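# Structural features, examined
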Amino acid sequence: MKQFGAKFKSLLGLSLLALLGFLYVKSSSVDAGLHQQVSAQLRQLRELDDRINEYVLQARYRLLKNYDPIVTAQKQFNDVITDLVAERPDLFATGQGELRQKFVQYLEERKRVAERIEMFKSQNAVLRNSERYLPIAVMSVLEGSDSLNEGDPFEQLIRDVLLHEMLMYQLLPSESGHQKIMDVLSELALSKESYPLIHQQQFETIILHSGILLAYKDACDQALHEIIQAPTIVLADEMYNLYSSNFQQAEHEANLYRFWLMVFALCGLIYGAYALIKMTQAQRELARSLRELEFQKFALDQHSIVSISDRAGIITYINHKFSEISQYPPSELIGQDHRILNSGFHPRVFFQDMWATIARGEVWQGEVRNRKKSGEFYWVDSTIVPFLDAEGKPERYVSIRTDITQRKTNDGLIKEASARLSLALEGSNLVMWDWNLSNNEVYLSEYWGDLLGLEHAATWTTATELNQLAHPDDQAMLQLRIIAVLKGEDSFYETEHRVRRVSGDWVWIQSHGKVVERDENGRALRMTGTNADITARKLTEAALQKAKESAEEVSRLKSDFLSNMSHEIRTPMNGIIGMTELALDTQLDEEQREYLTLVKSSAASLLGIINDILDFSKIEAGRLDVEVIEFSLEDLLRDTMKSLAHRAHQKNLELLLHIAPDVPERLMGDPGRIRQVLVNLVGNAVKFTERGEVEVSVKLLGEIADGVAEVQFSVRDTGIGIPLDKFKVIFESFSQADTSTTRNYGGTGLGLTISAQLVELMGGQIWPESSVGKGSTFFFNLKMPVTSISPYAAYQATGKVSGLPVLVVDDNKTNRFLLTEMLENWKMKPVAVASGKEALAELARAAEQGQPYSLALFDVQMPDMSGFELVEAVQRYAAGSAEAIMMLTSEGQRGDAQRCRELGISSYLLKPISQSELLDAIMTTLGEPERAQPTLVTRHTLRENRKNLNLLLAEDNAVNQTLALRLLEKLGHRVTLAKNGLEAVEQWSKGGFEAILMDVDMPKMNGYEATTEIRKLEAKIGQHIPIVAMTAHAMRGSREECLQAGMDGYISKPIDTEALASELDNIANGNFSSLAEHEPEESKALIVDFVKARTLMDNNKELFEEISRLFLIDGMKHLAEAQQAFSAGNSEQLKHHAHTIKGMVGVFAAERTTNAAAKVESLAGLAGTEQAMITLAKELKLLHEAVKSYQWT
Amino acid sequence: MKITRSTILIILLILSCILAVSILWHNKSVLNQSLTYNLKEGVIPISADAVQPIPLSLNLDQAKVALGRTLFSDVRLSGDDTVSCASCHVVPAGGSNNQKHAIGIHGQEGGINTPTILNSGFNFVQFWNGRAATLEDQAGGPVTNPGEMGATWPQVIKKLSDDADYQKAFAQAYGGKITEENIRSALAIYERSLFTPNSRFDQYLRGNKAILTKNEVHGFELFNNLGCISCHQGINLGGNMYERMGMMADYFGDRGNITEADNGRYAVTHNEADRHYFKVPSLRNIALTAPYFHDGSAENLQDAVRIMVKYQLGRVISEQDLGNLVEFLNTLTGEIDAQGRAQ
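Residues numbered from 1 in each chain as written. Chains lettered and ligands numbered in written order. Predicted model: local features only at pLDDT ≥ 70, side-chain atom pairs only at ≥ 80, totals over all residues.

### Topic: the overall build of chain B
Spelled out, the test is: Helix and strand assignments come from DSSP, with helices taken as H or I runs of at least 4 residues and strands as E runs of at least 2, each series counted from the N terminus. Buried means a residue has 20 or more other C-beta atoms within 10 Å of its own C-beta, exposed means 12 or fewer, and partly exposed covers the counts in between; C-beta atoms are placed from the backbone. We call two residues in contact if the C-beta atoms placed from their backbones are at most 7 Å apart.
Assigned secondary structure in chain B consists of 15 helices and two strands. Within the span of chain B, comprising 343 residues, buried residues form 44% of the whole. Partitioning the intrachain contacts of chain B with sequence separation of at least 6 by distance along the chain shows that 68% fall at a separation of at least 24.

### Section: the overall build of chain A
Helix and strand content of chain A: 40 helices and 28 strands. Scored against the burial criterion, the 1193 residues of chain A give a buried share of 32%. Expressed as a percentage of contacts within chain A between residues at least 6 apart in sequence, the contacts between residues at least 24 apart total 63%.

### Observations regarding the sheet that holds strand β8 (residues 460-462) of chain A
Pairing between sheet strands relies on hydrogen bonds along the backbone, with the strands arranged either parallel or antiparallel. Residues and elements named next belong to chain A. We count it as follows: A pair of strands is labelled paired if DSSP reports no fewer than 2 bridges between them. Where helices are involved, their axes are fitted lines through C-alpha atoms of the stretch in contact, as for all axes, and angles between N-to-C directions lie from 0 to 180°.
Taken in spatial order, the six strands of this open sheet run β8-β7-β6-β11-β10-β9, and their pairing is antiparallel. Each edge of the sheet is formed by a strand with only one pairing partner; in this case those strands are β8 and β9 (493-500). The mean angle between the axes of side-by-side strands here comes to 30°, regardless of whether they run parallel or antiparallel. In this structure, strand β6 (residues 430-436) lies alongside strand β7 (residues 441-444), joined through four bridges in antiparallel fashion. Across the sheet, residue Asp434 finds its bridge partner in β7, namely Tyr443. Across the sheet, helix α16 (residues 472-487) is in contact with β9, β10 (506-518) and β11 (524-533); its angle to β9 comes to roughly 150°.

### Here we look at the interface of chain B and chain A
Operational definition: Gly counts as polar in this scheme, as do all residues outside two lists: the nonpolar Ala, Val, Leu, Ile, Met, Phe, Trp, Tyr, Cys and Pro, and the charged Asp, Glu, Lys and Arg.
The partner chain A presents 51 residues to the 49 residues of chain B that form the contact. Sorting the residues of the side of chain B that touches chain A by element identifies α1 (2-31), α10 (228-231) and β1 (242-244) of chain B as the ones contributing at least two each. Among the elements that take part in the side of chain B that touches chain A, α1(B) stands out by supplying 18 residues, more than any other. When its residues are assigned to classes, the side of chain B that touches chain A shows 29 nonpolar, 14 polar and six charged.

### Thoughts on helix α9 (residues 214-225) of chain B
One turn of an α-helix holds 3.6 residues; hence residues three or four places apart share an orientation. Residue and element names in this part refer to chain B. Quick reminder of the rule: By definition here, a helix of n residues has an expected span of 1.5 Å times n minus one. Starting at the helix axis, one direction is taken to each C-beta atom, and the arc is that of these directions.
Between its terminal C-alpha atoms α9 stretches 16 Å, which fits the 16 Å expected from twelve residues at 1.5 Å a residue. Listing the buried residues of α9 in full gives Glu216, Gly219, Phe220, Leu222 and Phe223. In an axial view of α9, the angular spread of the buried residues amounts to 160°, which keeps them on one side of the axis. Tucked inside the fold, the buried residues of α9 contact α10 and α14 (319-330). Where α9 terminates, the next one or two residues include Gly227, which has phi positive at roughly 100°.

### A closer look at unusual backbone geometry
Along the chain, B:Ala290 connects to B:Pro291 via a cis peptide bond; the corresponding omega equals -5°. Mapped onto the elements of the fold, B:Pro291 is located in the loop between β2 (277-279) and α13 (301-313). Although it is not a glycine, A:Gln327 sits at a positive phi angle of roughly 70°. Checked against the element boundaries, A:Gln327 lands in the loop between α10 (320-326) and α11 (330-333).

### Examining the sheet that holds strand β20 (residues 829-833) of chain A
Residue and element names in this part refer to chain A. Read across the open sheet, the five strands follow the order β20-β19-β21-β22-β23; overall the sheet is parallel. What marks the edges here is a single partner per strand, and that holds for β20 and β23 (907-910). Sheet twist, expressed as the average angle between the axes of neighbouring strands with direction ignored, equals 20°. Pairing geometry for strand β21 (residues 853-859) and strand β22 (residues 882-889), over six bridges, is parallel.

### Here's the deal with the confidence of the model for chain A
Residue and element names in this part refer to chain A. Under the convention used in this document: What pLDDT reports is the predictor's confidence in each residue, on a scale of 0 through 100.
With 90% of its residues at a pLDDT of 70 or more, chain A has an overall mean of 80. Confidence drops under a pLDDT of 50 for residues 790-798, and excluding neighbours within four residues, the segment shows 14 contacts in the predicted structure. Low pLDDT (under 50) marks residues 1072-1084, which in the prediction has 23 contacts with non-local residues, meaning those over four places away or in another chain.

### Observations regarding the packing of helix α38 (residues 1131-1146) of chain A against helix α39 (residues 1151-1163) of chain A
Residue and element names in this part refer to chain A. The condition is simple: In this scheme, roughly parallel covers angles under 35 degrees and roughly antiparallel covers those over 145, while 65 to 115 is roughly perpendicular and the rest are oblique. Left-handed describes a crossing in which the near helix is turned anticlockwise from the far one by less than a right angle; the clockwise case is right-handed.
Between α38 and α39, the shortest axis-to-axis distance is 8 Å and the interhelical angle comes to 160°. Taken together, α38 and α39 sit at an angle that is classed as roughly antiparallel. Here α38 runs over α39; the crossing is left-handed. Where α38 approaches α39, its residues Leu1134, Lys1135, Ala1138, His1139, Ile1141, Lys1142, Val1145 and Gly1146 are matched on the opposing element by Thr1153, Thr1154, Ala1157, Ala1158, Val1160 and Glu1161. Taken together, the residues of the contact of α38 with α39 break down into seven nonpolar, four polar and three charged.

### So, the nonpolar core
For clarity, the cut-off: Here a nonpolar core is just a set of buried residues of the types Ala, Val, Leu, Ile, Met, Phe, Trp, Tyr and Cys, joined wherever their C-beta atoms sit within 7 Å.
Counting residues in each nonpolar core, the largest one holds 95 residues, and the members touching the most others are A:Val56, A:Ile70, A:Phe120, A:Met239, B:Phe223 and B:Leu329. Look past the residues within four positions of A:Met239 in its chain and what remains in contact with it is A:Leu42, A:Leu99, A:Lys102, A:Phe103 and A:Tyr106. Grouped together as the second largest cluster of nonpolar side chains are 80 residues, A:Ile730, A:Leu843, A:Tyr908 and A:Ile913 included.

### As for the environment of A:Val234
All names here are of chain A. Positionally, Val234 belongs in helix α9 (residues 232-303). A residue is classified by how many C-beta atoms lie within 10 Å of it, and Val234, with 12 of them, is exposed. In the structure, Val234 is positioned 188 residues away from Arg46 in sequence and 9.0 Å away in space, judged by C-alpha atoms.

### Quick look at the environment of A:Lys911
Residues and elements named next belong to chain A. Counting through the fold element by element, Lys911 comes out in the loop between β23 and α28 (915-925). The class for Lys911 is buried, based on 26 C-beta atoms found within 10 Å. C-alpha separation for the pair Lys911 and Leu657, spaced 254 residues apart in sequence, amounts to 8.4 Å.

### Observations concerning the environment of B:Ile211
Tracing the backbone through its elements, the reader meets B:Ile211 in the loop between α8 (200-205) and α9. Setting aside anything within four residues of it in sequence, one finds B:Ile211 in contact with B:Arg200, B:Gln203 and B:Tyr204.

### Here we look at the pairing of β10(A)
Residues and elements named next belong to chain A. For β9 and β10, the ladder comprises eight bridges, and the chain directions are antiparallel. Its bridge partner lying in β10, Arg500 is registered against Trp506. Between β9 and the antiparallel strand that follows it, β10, lie five residues; Gly504 among them carries a positive phi value of about 100°. In the sheet, β10 pairs with β11 via nine bridges, with the strands oriented antiparallel. Residue pairing for β11: Ile509 is matched across the bridge by Asp533. Taken together, β10 and the strand that follows it, β11, pair antiparallel across an intervening segment of five residues, in which Gly522 is found at a positive phi of about 90°.

### Describing the packing of helix α5 (residues 98-142) of chain A against helix α6 (residues 153-171) of chain A
All names here are of chain A. In contact at an axis separation of 10 Å, α5 and α6 are set at 170° when each is read in the N-to-C sense. Judged on the interaxial angle alone, α6 and α5 are roughly antiparallel. Within the contact between the two elements, α5 uses Glu131, Leu134, Pro135, Val138, Val141 and Leu142 and α6 uses Glu155, Ile158, Arg159, Leu163, Met166 and Gln170. Residues of the contact of α5 with α6, tallied by class, amount to eight nonpolar, one polar and three charged.

### Topic: the confidence of the model for chain B
Residue and element names in this part refer to chain B. In the predicted model, chain B carries a mean pLDDT of 85, and the fraction of residues at 70 or more is 92%. Segment residues 338-343: pLDDT under 50, and 16 contacts once partners within four positions in sequence are set aside and those in other chains are kept. For this predicted complex, the interface confidence comes out at an ipTM of 0.88, alongside a pTM of 0.45.

So this is what it looks like as structure tokens:
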């Protein structure tokens, strides 16, 4: 039915197509363009017809004197006819219609006309000839030599009758005229015989032409008449009309076809669209159904073992699963009987019954054991469905099976598993329990009885009874745990508790369990788990704990011992080193000096070893802490390098410092520890390098992210290097690259271990890169928070130094590179040369070109020509080629400064030079007014500038007393001695001291106590004496304690002469806060920033002066009031005044004063207020002075 | 498979529907335009005067002219490769052969005098008896005439097709193969190119009155007055009408020995009225084309004029006038190396 429909449809479509084709042919049978042309041609024919007639008429009446136009028009006429026939042969050449008949008739008519025209042309020409000639012939008779005799009757006859009448006849033919002419002509013919020959000829001519004139005139006129009267024009009109009407009819017909074509085309379009949509839908539906079927089959195939067999039981199809499970490939099964799979398990009657059932057309179901190809057996749950034919007899059988081998074998396995479980429980000392919460009954496995020492195992008990067995201390805990698990808060139950045995002693039980059943409300119904005996383990644990505690106690004791030992060792070491130094400053002979120098260096290395061991033991004991404070990286590096420079220069090594420009200036970290690592690494580098250089580089790794910078430090030397296989070992305790190294270079070998530990403590990594013989580089990376950006921004912003030409003269390549980089970083234009000779040449060249150097940096130690020699040479030979000269030296030597002054050199810098130091010096040299003249840094200048102080020394140890006394006196200070804290307070109260050096460990009253006492007393009188602690406690914490006690400075024993001197210098210079590291805001911040202040006040001079005036009057008044409030203990008042001061100084951008006031405000009455007040007073005074002296420019 | 077929069918249906509708729209739009039929312009300018000068140039396809020229002198157009068109129509000699009758292959003598091909493009029909309406019709005539060139078209086409140069030239000029039609066309176009402008007479007509001598001017006046101009008019001074030989006297009776050729137009129309009617020949270059008349009976112009005056005009004129007329006729010789021959 469906097929028939489809066939019908395609038949319909084809016939519609055919119909469309037919209609199209019909509707386009009328070619409009061609019609236009044919119409035009037909009209043209008629026109040409007219034209030819016109030309013929003109020719007849002598208006047209040649026949060319007639010929041309006729040719054109023929062309049109040819075209017509060529274009529409159906109408004009072969057609049978009326039009064709008309056309043939027309052509015949035209042919006739054409013949007439030819006739006309010929006759007309002859007629014309005679017309012209007759008068001449007549005249030849009448006049001239051959004329008739005078009076001849023919004279008059010919002239007046013949000629006259003939001319008349030509114009207007008449019967009478014709008669008259004929009369004359016949008379002439009759009479000519009587005339002489000449006249006879004349007469004959006249007769001939007259005859022609008569005859051809009529003939011509006749032809003309026939031409003009020819029915061709009428025929042409008829033809045209006929054609037009034919066309209109065809057009009408075509329109009808067009209309139907349009109708059918539209129908076709609609039907086509409809059919397409339908078809797409059907296709989609079909595809979906197919997919569905495919899927169902797939699903069936995935799950089931499917086979189809014919009526006789021969297999015709099997699916993949069938083949898989039976292990027979399809080729071996198809065409076979199912008996191939028979396992022989089932009796014959089983299959007979099956066959009987399905043969009846009923579905059979059953479990069958089959045999695989390999001989193994498998079980299937089988359903056989017979497909019935039309007569209701089975046609084929489809069997669907499921593999149930697993289920069949599981039954046996379960029994085995159960047995295995109970065996396992018995063997593992585990008690299995199962608690039914609905009746509170608990099942416990047999071992429970053994555990509690029961004679008869009570496998069933209740939870309540069980709980009572638990140790009273554990019962509450157990309840809590169980409730948490039952509520579902904890998913597992796990406890360790004690249970009483029958014998009365306790056994430790570890109990595990979980809820295994809950009702729909989430209430627990059943809980199962195990109990294990852990008594033995518990006992072991207790023993271990005891052992650990005692070990920790030992460790603490050891650490304390170490700390004490440190103190005990340092004290005598102080004596040894100090006294040796003092001795070295006395008058000695060479031998003595050498011995003592050896004593000093031995002591110093012993101290180093002791420090290393202490650090190491602290690290081992885990007692080394890392602090995080703000510090200046550059200051740290500069100071560290300065202290190491000496050692390096003694070995003639260049010590270089390179800080990458993008490294932030201020960071948070432990400067002490970083310094320690650097000292160690540089110390090692110097130690293991015989010639060349040691460079310390610092650079930023990556970008600063979240305010944290990762800084890489590296220490590079050109020493002996480390073999690759030793890289790991060198960081391990008590090892050097080679044990022989220790012998060659000394040291404990702990330095790198400690450094590595320290770096690790600070959260960084340390590693070396090295090649033997070429040198090593040690790197370590630290991540540190950044508190301020690079300090050079201010200089760079001013741009004062940018573009400055600078000449660098240094024989060391690395130094040249470093200096060039620094200078370029400030946008200067450095040129670097390697020797004095080159420098002179370059300076001469620059001077010649009129571009002298603004600045020249000369290294002092250079081969061939030293820096000083170079300066002299420049001054002598190339004066004016460099505006300013700066000297750089690796070692400050006595007299260098003097020599600089003599040579008029403005700056003399000790390498390694830090960037800020160099920039400061350059700015000063180039006349930057704000900067002070840089100190000429040599070791020897320090003492020269020293101011003598009146000091109080508190020290109990006699050796140290002597040492300190000598040392201080040698430095030019006056010292009063106090033997303990009490004495110190006493001495201080007498007054007259400018600073106190306070030992911490003293009998009667220790240094802390004494300091606290002094500060307490000072507060009442508003004074502050600098107190510097001296302690042998190198252990961490001492520094903090000192500061907490109100001390200002800190020196560790053994006393480092340099450190002591610089501390005292600070005091002498009024900057007694040597703990600058701890209060960087104050020390680094500006007293007043007038530029900013002016900006804040809109650069208004009047406003600025008014505010300055108010501040000068009121500022000190508020300070006095604040001090009064402090003395009176009125913290509210103090707060108020401090706040007022803070607000007042804010407009001057006086950070230090603002900070000091803020501190007072925040503390107000709490500990430290006193100190804060002192700071505030000092800062305010400084600010007062600054504002007072400020000149608006 | 079935689906695909019906889909194609339906798409075909839709496409044809769209096509049909679009064509109908197109046809409708054409119908609304008006179309005029342009006539082919005649070669001769329309003039009411009896004579007019030959145009100085004609618009002709030069490729075809060149091809025609080659064919014109190619003997392969004859059956035995002995005779070409140029054998009889010797262009420098006035387009004719100055023989009484044409000589065909195997030395056969034809029955009629060879008409000149110069200015034949202006003639209204070709041959003495006007049996060819166009030059294209004429051009093939002598080729297949057994007495003239005696060839057949398949034979000629085969011979020419063997020549690669011809193949190339035909492809260039006609964009196709060598056919009879193309050969005729090329020959005809070449013949049209053989027009002879700028004769002294034409210069006189164009206004240069001083170019003719007194006698010649007198000759022209006689030409007018004697009535010669009645028939020898138009651009070619003849060639546009038929006239009976022996209008005023019995030419053939006087001459005797009447031949087939003497029947003239009768041979074409078989109309008794057309017997002895011949195409009036052009007088252009008449001085070059002796002997004269269809029978080549007049060996020189004096004789020819004398016969004409007697038999066609029915007059007698003086020897002096006769001389002047001949002098005039000599002014009709134009420049034969015009367009066609220059290249």
